[in-house]
Amino acid sequence: MTAGAGRTGGAVVVGGGLAGTAAALALADAGARVTLVEGRPRLGGLVFSFRREFGGGELSVDNGQHVFLRCCTAYGAFLERLGATELVPLQDRMDVPVLDADRMRLGRLRRTALPVPLHLAGSLARYPHLTAADRASVVRATLALKGLDLDDPALDAVDFGSWLRRHGQSARAVEALWDLVGVATLNAPAADASLALAAKVFKTGLLSAPGAADIGWARVPLGDVHDTLSRTALEKAGVRVLLRTRATDLTRTDSGWRVTVADGPDATEVLDTDTVVTALPQRETHALLPAGTLDDQDRLLDIGTAPILNLHVVYDRKVLRRPFFTAVGSPVQWVFDRTDTSGLAALPEGAGCQYLAVSQSAAQEEIGQPVAKLRDRYLPELERLLPAARGARVRDFFVTRERTATFAPTPGVGRLRPAARTRTPGLYLAGAWTATGWPATMEGAVRSGHAAARHALTELGFPRGRLPREAA
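Residues take numbers from 1 onward in each chain, read along the sequence in its written order. A pLDDT threshold of at least 70 governs which residues receive local features in this predicted model, and a stricter bar of 80 or more applies before side-chain atom pairs are shown or counted, although totals over entire chains, interfaces and linings include all residues. Where side-chain values are given, they derive from all heavy atoms of the structure, hydrogens and water being excluded.

1. Re the sheet that holds strand E15 (residues 305-315)
A sheet is described by the order of its strands in space; here 7 strands give the open sequence E8-E7-E16-E17-E18-E15-E19, paired in mixed fashion. Only two strands of the sheet have a single partner each, and these edge strands are strand E8 (105-110) and strand E19 (394-407). Across this sheet, the average inter-strand angle for adjacent strands is 25 degrees, counted without regard to direction. By this definition, two strands are paired if DSSP reports at least two bridges between them. Labels follow the DSSP assignment, with helices taken as runs of H or I lasting at least four residues and strands as runs of E lasting at least two, numbered in each case from the N terminus. Here E15 runs beside E19; their pairing, made up of 10 bridges, is antiparallel. Note that in E19 the partner of Leu 311 across the bridge is Val 399. Relative to strand E16 (residues 324-328), helix H6 (residues 171-186) is tilted by about 140 degrees, and along the sheet it contacts strand E7 (95-100), E8, E16, strand E17 (334-337) and strand E18 (354-361). Working rule for contacts: check all heavy atoms of both residues, and any pair within 4.5 Å makes them a contact. Lines are fitted to the C-alpha atoms to define the axes, a helix being fitted only along its stretch in contact, and any angle between axes, read from their N-to-C directions, falls within 0 to 180 degrees. Of the strands in this sheet, E7, E15, E16, E17, E18 and E19 are in contact with helix H11 (residues 371-385), which crosses E19 at around 110 degrees.

2. What about the packing of aromatic side chains?
The criterion for an aromatic pair is that two Phe, Tyr or Trp rings (for Trp, the six-membered ring) have centres within 6.5 Å, with stacked assigned to planes under 30 degrees apart, edge-to-face to planes over 60 apart and tilted to the rest. Enumeration over the complete set of coordinates arrives at 12 aromatic pairs. Ring geometry for Tyr 75 against Phe 78: centres 6.4 Å apart, planes inclined by 40 degrees, an arrangement best described as tilted. Separated by 3 residues within a single helix, Tyr 75 and Phe 78 lie in helix H2 (residues 73-82), roughly one turn from each other. Comparing Tyr 75 with Phe 78 shows no difference in burial state: the two are buried. For the ring pair Phe 160 and Phe 202, a centre distance of 5.7 Å and an interplane angle of 35 degrees mean the geometry is tilted. In this pair, Phe 160 sits in helix H5 (residues 160-166) while Phe 202 sits in helix H7 (residues 195-207), placing the two residues 42 residues apart along the sequence. Each residue is placed in one exposure class: buried if its accessible area under a 1.4 Å probe, protein chains only, is under 20% of its type's maximum, exposed if it is over 50%, and partly exposed if it falls in between.

3. Digging into empty space enclosed by the protein
Throughout, the protein atoms alone are placed on a 1 Å grid, and a set of points is a cavity if a 1.4 Å probe fits but cannot get out or a pocket if it is open with protein on both sides within 12 Å along at least five of seven lines; lining residues have an atom within 4 Å of a point. Grid points are joined across faces, edges and corners, and a volume is the space filled by probe spheres set on the points. Within the structure shown, the criterion is met by 2 cavities of 30 Å³ or more. By volume, the largest cavity is sized at about 50 Å³. Along its surface, the largest cavity is lined by Asp 62, Gly 64, Gln 65, Asn 310, His 312, Arg 338, Tyr 355 and Ala 357. Note on residue categories: nonpolar means Ala, Val, Leu, Ile, Met, Phe, Trp, Tyr, Cys or Pro, charged means Asp, Glu, Lys or Arg, and polar means any other residue, Gly included. The residue makeup of the lining of the largest cavity, split by class, is 2 nonpolar, 4 polar and 2 charged. What the second largest cavity holds in volume is close to 30 Å³. Contributing to the lining of the second largest cavity are Ser 60, Val 61, Asp 62, Arg 338, Thr 341, Ser 342 and Tyr 355. Contributing elements (two or more residues each) for the lining of the second largest cavity: strand E5 (57-62) and helix H10 (339-342). Per-element accounting of the lining of the second largest cavity gives the leading share, 3 residues, to E5. Across the lining of the second largest cavity, the residue classes tally to 2 nonpolar, 3 polar and 2 charged.

4. Quick notes on the sheet that holds strand E2 (residues 11-14)
An order of E10-E3-E2-E14-E20 is seen for the 5 strands of this open sheet, with the pairing classed as parallel. This sheet does not close on itself; its edge strands, each paired only once, are strand E10 (240-242) and strand E20 (427-429). Along the sheet, successive strands turn relative to each other by an average axial angle of 15 degrees, direction set aside. Two strands pair when backbone bridges link them, and E2 and strand E14 (residues 275-278) are joined in this way by 4 bridges, in the parallel orientation. In the sheet register, Ala 11 faces E14, and the bridge partner there is Thr 275. Lying over the sheet, helix H12 (residues 442-460) contacts E14 and E20, oriented at roughly 165 degrees with respect to E20.

5. Considering the pairing of strand E3 (residues 34-37)
Side-chain positions along a regular strand alternate between the two faces of the sheet. Here E3 shows a buried face lined by Val 34 and Leu 36 and a second buried face lined by Thr 35 and Val 37. Sheet topology places E2 next to E3; 4 bridges connect them, and they run parallel. Pairing of Ala 11 across the sheet is with Val 34, part of E3. One ladder, built from 3 bridges, connects E3 with E10; its direction is parallel.

6. A few points about H7
Given the number of residues in a helix, its expected span is that number minus one, multiplied by 1.5 Å. Helix length check: H7, at 13 residues, gives a terminal C-alpha distance of 16 Å against a target of 18 Å (1.5 Å per residue), a shortfall beyond 12%. Two or three places before Ala 196, at the start of H7, stands the capping residue Ser 194, its side-chain oxygen 3.1 Å from that residue's backbone nitrogen. Pairing of N or O atoms within 3.5 Å defines a polar contact, subject to two protein rules: one partner must be a possible hydrogen donor and the other a possible acceptor, and residues neighboring in sequence count only if both atoms are side-chain atoms.

7. Let's talk about the UniProt feature "domain: Amine oxidase" (unreviewed entry) in the protein
The feature "domain: Amine oxidase" (unreviewed entry), as annotated in UniProt, sits at residues 18-456 in this numbering. Note that residues 18-456 is 31% helix and 25% strand, and that its end C-alpha atoms are spaced 18 Å apart. UniProt positions are given in the numbering used here, feature names are shortened, and annotations may be inferred rather than shown by experiment.

8. Comments concerning the pairing of strand E13 (residues 267-273)
Summarising burial for E13: 6 of the 7 residues are buried, a large majority. Here strand E12 (residues 257-264) folds back onto E13, and the loop between the two strands holds 2 residues.

The structure is reproduced here in structure tokens:
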């Protein structure tokens, strides 16, 4: 980068994850001149892929198993904007295989086309992992959950586990149903999750429309979508993309903002602009914001984080005959077949092999454990769950760790999450941790970027017709 100064006009977006990319595209699509600054050599933030040697070639490895639901309308529109809809398809109808590890019995959570809540009634009636009494109590709790007002701030002060106990949910019902969904979407068990966020997940995902919980996931490497296609879309929209470049200072000027960026110790550039969107994690945002940007600005430091651990196993034969499953009565949470996505079959030594990714949310107790210990725990467990894995040779086993994968959805976190608009004109916040009403999901990240862009464009004087629409 050449040292110097240049007026960009329009907007500078700091951070190239989903929130920053969504904000930059929305700003550019409305006609603003946009510069996107990202410290990594790629876009996508915590949704990315990398290459790993295997069998004389390379696997394409996703850092984690990122899924979304049909109710994630902002993320769905974002994929459409990238031209990636066919690469990240949804199920025709929600169908989740659930394996009871103790009884080795398979159940399914499936929907029908009947109206809510009847769309799940048949599946729940046949769900073998709950007793008849548990199934009846789940129906009562679901009706109570449906009646909660998501705008009631009192919900944020209550933990979901206590609410479930007050509504007659047994430990088995929590494990085999509520946490089965909640841990994966909230990144916390019910006892550690805000009722407000849990209610958002269940009311929106299971009780808003029959198809709301249909599951989608990428059938190509995540980097193909959130780096390659995102970069292409940004460049076609006229966005200047600066990778390997960090914002080191934000300064308010008489005419707007001055953003100092650097791609090395002696290579800096000053970007003079009308508006800035910061789309960084909460602690990085706190370090960059000028004093007085928010009321009680230090509250950003009180928004905790939660880890996700992913275990990657390559077997010398096919051991799983469905795209994914989840388990109860086991430390294993969700298991996905990533054979095709990774390119394994095309490698010289990949023929006949299968690559499974095990996604472990709320992994505070295991995130720092050595690979050998994780291998010793999880390979026997996979053999218990998958009889075909017994006797199969493990060709590769490795671990990816995201220690700060999401913000922690603890009770009280809602009052800590700031809105997109700050006290300082021309400066806006984006990120899944901001006040979207959603937990830390790809949907929440995209919504935050769109919210920041709407406020910025309004202040810049763009016509309402050019503002990004709010997702339903």
